[in-house]
Structure formats: C-alpha cells, structure tokens
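Below, each chain spelled out in residue letters.
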Amino acid sequence: MSHNVVISIGQCGNQIGSEFWDRVVHSHALLDTDGTFTSALATFFRNTDGRHDSSLPIGSRLKHLQANAVLIDMETRVVDRLLRGPLGDLFDKRMTLTDSCGSGNNWSTGHLTYGLQHEDTISEMLRRSAEPLDQLQSFSVLHSMGGGTGSGLGTAVVKMMARDYGKTARLVSCVFPGDQDDVVTSPYNSVLALKVLAEDADSVISLDNNALSTVCSKHVLAGRPLRKSPPVPFDQMNDLVARMLADLTSSIRFGGELSIPLSELPVRMSPFPRMKFLIPGLSPVTGALPSMESKKIDRTFYEAFERRNQLMDCDPQRSAYLACLLLARGKDIAPSDVQRNVDKMKRYIHFAPGSKDEWAVSLCGIPSQSHPRSFLTLANNGCFHKPMQCLKERFVAMYRGRAHLHHYLLNGMEAADFEASLESLSALISDYRQVDAAGAVAANVRDRGYVAVGVVKPKVKAG
Ligand SMILES: Nc1nc2c(ncn2[C@@H]2O[C@H](COP(=O)(O)OP(=O)(O)OP(=O)(O)O)[C@@H](O)[C@H]2O)c(=O)[nH]1
Ligand SMILES: [Mg+2]
C-alpha cells in the first residue's frame, strides 16, 4: 500500500492542485459507490473520525474524507477560494498556510524571507502529514517557476524534505514561464529555482506555458471549443496538467497489471543524478469527442510521442532518450497491445548511449473520466536542453545589465548566488546537449530522406 502527499505552493501550484483534487475525487466517487474507505482511496486520502481526528482503517465506512494535502501560498486569495469552494471539506485547515503580501515575483522573498519565517510551521505541517501514514512513498510538490512563492518558498520546502525525509521520493511538477510571460523577473526566479531542484528533488516533471497554451488552443478540451486567440485561460491549461497528474497516479490509485509506485520513478527515469527532468506527453489531448472513440489504439499510442502532444515546448522524437515511461489507461488495452506498440516504437525512437534503453511501462484498467483509453509518456530526453537554452538567454539578457538585481540583493542574496545558478543551468544544458547529439545524427539522416532507426514515422491510420 502506498501513501502519498501533495503539496501545492503559490498561485499556480494551488490552482493546479485544485483541478487535480477535483478530478481525483470525482473519479473515485464514480467507482467507490458503497461508502467504504477503499485501498484505492487510501493512496491519497485519509478517512478520519471527525471528533477524535484519528485515521480509520481501510474497509471502514466513509466518515470524513481528507486529502493528504498541504496548501501553501503567501497570499490568501487562491487558498481561501479553494477552502470556501465545493472541495473545501477535503482539506484539513491545519495543513494550510497563507500570508498576506505574496512574494512579489521575487524568488529571494519566497526562499529566504518566507522560507525562514515559516520554516517551523512548514516542518510541523510536513510532520503531521507524514505521521499518520505508515508507508509514505512520495511527496508531490506543485508550483510555478516564474513567481516568487512557488519557485522560492516551493524550493525551500523541497530542501526541507531532502533534509528531513531523505527516503521519501520528492517529485516536483513545475510550470516554466512562456516567452510572453508578464512576470518580468520570471527568468531569474526560474534559474534560481532550477539549481535547487537539480540538487534536492528526485524527479522534476517539467511543463511550460508555451506548450500548454499551444496544446489548448489547437485542440478542444472536453468538447468545448476554445477561444482561438491567446491568451488561453489558466483553468484550461491547468485541466491538462491535472489530467496528466491523475493519469500518472492512476495505476497506484486503482492498481493495475504493471503498476509503478511513484517512489520508483526517480530510479527508473534518471540514470544520471542531475538529469532528472521529465517531459510529459499526453494522448489524446482533446476531450472525448464521438469521432475519437473509434481511434485505433496504435494511433493514440503513437500520438503521445508527437511534438504537438508534449506539455513542454520541445520534441523528444527528434532527440535521444535517457529513459521513457509509458502509462496506458483503458478497459480494453491489453498488455499485448502495449507490447506490440512498444516494439514498433523502438524502431522510431532513439536511446542515448549510457541510458538503460528500457521502457518503464504501466497499465491501468480504469479509464480516465474523459477518455475510454489514453496514454501518458514521460521522457527524460536530450531535447530538454532547448527550452533551457532559451531560458538561459532570457536570464543573461537581464543579468548583463543587472536589471532588477537590487530587489534580490536587498533580501540578502549576492551576485555570486546568481552566477552559481547560471553555472548550474549551463552544466545541465551541456549534459542534455550531449544526449541530444546522439539523437541529432538520426534526425540528420531523416532529413536527407534515408530510412534509419529512430527516424521514420510508423504507418498508422485513423480508424
Ligand atoms: N499554467 C499556469 N501558470 C500559471 C498559473 N498561475 C500563474 N502562472 C504562471 O506562474 C508564474 C507566476 O507564478 P505564480 O504562481 O502566480 O506566483 P506565486 O508562486 O504565487 O508567487 P508570488 O505571486 O510572487 O507570491 C507566471 O509564469 C504565470 O504565467 C496557473 O494557474 N497555471
Ligand atoms: Mg501569488
């Protein structure tokens, strides 16, 4: 039995967290209809006795369902809205922490000022969240990279976890800013946060608002046409992220033939210690339209690897993989369907030297609410260096003129901290670029029209 805790930090983290809990609660409500606290629910919830606050065992009647959640923001608006909304009763108010002013889009305010001020309270919340769970497998942390609270305080929390819960997997899902982002300091905040994640997180599922908004504006979510012109509203982008997280946790929540515990993710996906950044791809990305029902499994499978289905703005198929995880969901997907497609796909994607050249495959027989069958891929892939290079250029453009630097120095940072973070990012780019070089050879061959391993599209027809 695996128990997991989700920690949402800052506006973005809490808005995504809210969509995640909404999805998860509804999917369990549809399945667990007899009012019993099941082992599926116990992966992310506790059943408490309202008066004495003790946890009731699996198999007990549902009394008071509480999410294994910690909600943190340095403003009150988003967390208050969540607590006052229809999901409010799910959250233990003692596991929420808000402040009044926010971090003003400044990593140092979140990381240093609030990190110090609230350290004891957060430590205590982590202890309370972990204590009643006899087998705590993972902390999942959700935050943006561009603001001050999620990126600053969020990474301070990841550091605390590394210090106090070294054996529990620390999985971070973070949203990088898009290039049209309205937070002017977002390149600083992202690069400062990245250094901490590279050191103290175990796996970092990386998303960006460029890719999320492109995917949303090209497709139709839940049958609702989206506005054509940007900006795409956050709630639609967050719905996509929540779907990815719900899929990722589906096999541990519902069980499955090939369930991979979240605690194994780092071992399965990161052959080298600092290369732990995972790019998610989803298929289908559209809502459940009648025309999709008939799509062949093979086509849906293949689409999960395509660039337009990635939630980060890069193309794993044109580069080399260090590791690849595939999670299939659906009643009618057999292990043989997955095996057939993995075998076929092995001819089209390319593993880098030094990688394990093996797939982590997970199969969950319970479909998502929106799709009878769906696939999620997580790629540890050389193409990650490209969005990181863009981020580096934006950081350097600001840092060269020392723009906005004084706001950070006022909080006790030094220029050397910026340089160390930039160095850490450069090393990461260089590592991923080397992996990418192995993929570039294959892509070159494709561009010249030859057929070679890893470079041709499989012949799949829409059914
Ligand atoms: N996808 C997505 N991005 C968001 C959302 N909210 C904010 N962002 C992005 O996140 C960055 C800003 O971070 P926020 O999460 O708003 O900041 P915060 O962590 O609350 O920090 P402060 O406001 O500085 O205290 C920008 O890049 C925004 O575009 C959201 O709900 N979804
Ligand atoms: Mg905020």
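Residues numbered from 1 in each chain as written. Chains lettered and ligands numbered in written order. Predicted model: local features only at pLDDT ≥ 70, side-chain atom pairs only at ≥ 80, totals over all residues. Heavy atoms only, no water.

Definition in use: UniProt positions are given in the numbering used here, feature names are shortened, and annotations may be inferred rather than shown by experiment.
As named in an unreviewed UniProt entry, the protein chain is Tubulin epsilon chain, taken from Hypsibius exemplaris. Taken from UniProt, the Sequence similarities (unreviewed entry) comment for the protein chain reads in full: "Belongs to the tubulin family."

### A short note on the overall build of the protein chain
To be explicit about the condition: Each helix corresponds to a stretch of at least 4 residues labelled H or I by DSSP, and each strand to a stretch of at least 2 residues labelled E; elements are numbered beginning at the N terminus. In this scheme, a residue with accessible area under 20% of its type's maximum is buried, one over 50% is exposed, and one in between is partly exposed, where area comes from a 1.4 Å probe on protein chains only. Two residues form a contact once any of their heavy atoms are found within 4.5 Å.
Per the secondary structure count, the protein chain includes 16 helices and 14 strands. The buried share among the 463 residues of the protein chain stands at 59%. In the protein chain, the proportion of contacts linking residues at least 24 apart, taken out of those at least 6 apart, comes to 81%.

### Observations regarding the nonpolar core
Condition: What we call a nonpolar core is a set of buried Ala, Val, Leu, Ile, Met, Phe, Trp, Tyr and Cys residues that are connected through their side-chain atoms within 4.5 Å.
If you look at the biggest cluster of nonpolar residues, it comprises 85 residues, and the most contacted ones within it are Ile 72, Phe 305 and Trp 359. By size, the runner-up hydrophobic cluster in this structure holds 52 residues, among which are Cys 12, Phe 91, Leu 265 and Leu 282.

### What to know about the sheet that holds strand E2 (residues 45-48)
Each strand in a sheet pairs with another by means of backbone hydrogen bonds, the pair being arranged parallel or else antiparallel. Operational definition: Strand pairing follows a simple DSSP-based rule, namely that at least 2 bridges must link the two strands.
Pairing in this open sheet of 3 strands is antiparallel, and the strands run E3-E2-E4 from one edge to the other. Taken across any chain shown, the strands that pair with only one partner, and hence form the sheet edges, are strand E3 (55-56) and strand E4 (64-67). Relative to E3, E2 runs antiparallel, the two sharing 2 bridges. Bridging across to E3, Asn 47 finds its partner in Leu 56.

### Quick look at helix H4 (residues 107-117)
Where H4 is concerned, the buried positions are Trp 107, Ser 108, Thr 109, Gly 110, His 111, Tyr 114 and Gly 115. Structurally, H4 contributes buried residues whose contacts are with helix H5 (119-130), helix H6 (149-164), helix H7 (186-200) and helix H15 (405-409).

### Quick word on the site of ligand 1
Keep this limit in mind: Here a residue counts as near a molecule or strand whenever at least one of its heavy atoms sits within 4 Å of it. Under the rule applied, a polar contact is a pair of N or O atoms within 3.5 Å (in protein, one hydrogen donor and one hydrogen acceptor; residues adjacent in sequence only if both atoms are side-chain atoms). Computed with the Shrake-Rupley method and a 1.4 Å probe, the accessible areas treat only the protein chains shown as cover for residues. Ten residues, namely Ala, Val, Leu, Ile, Met, Phe, Trp, Tyr, Cys and Pro, are considered nonpolar, four, namely Asp, Glu, Lys and Arg, are considered charged, and the remaining ones, Gly among them, are considered polar.
Lining the immediate surroundings of ligand 1 are 22 residues, of which Gln 15, Asn 105, Thr 149, Gly 150 and Asp 181 lie closest. In this structure, an oxygen atom belonging to ligand 1 sits 2.7 Å away from a main-chain N or O atom of Asn 105. In the environment of ligand 1, an oxygen atom lies 2.5 Å from a nitrogen or oxygen atom belonging to the side chain of Asp 181. Burial of ligand 1 by the protein amounts to 94% of the accessible area it has alone, namely 640 Å². Counting residues per element, the ones that place at least two in the shell around ligand 1 are helix H1 (10-31), H6 and helix H9 (234-254). At 4 residues, the largest contribution of residues to the shell around ligand 1 is made by H1. Classifying every residue of the shell around ligand 1 by side-chain character gives 5 nonpolar, 14 polar and 3 charged.

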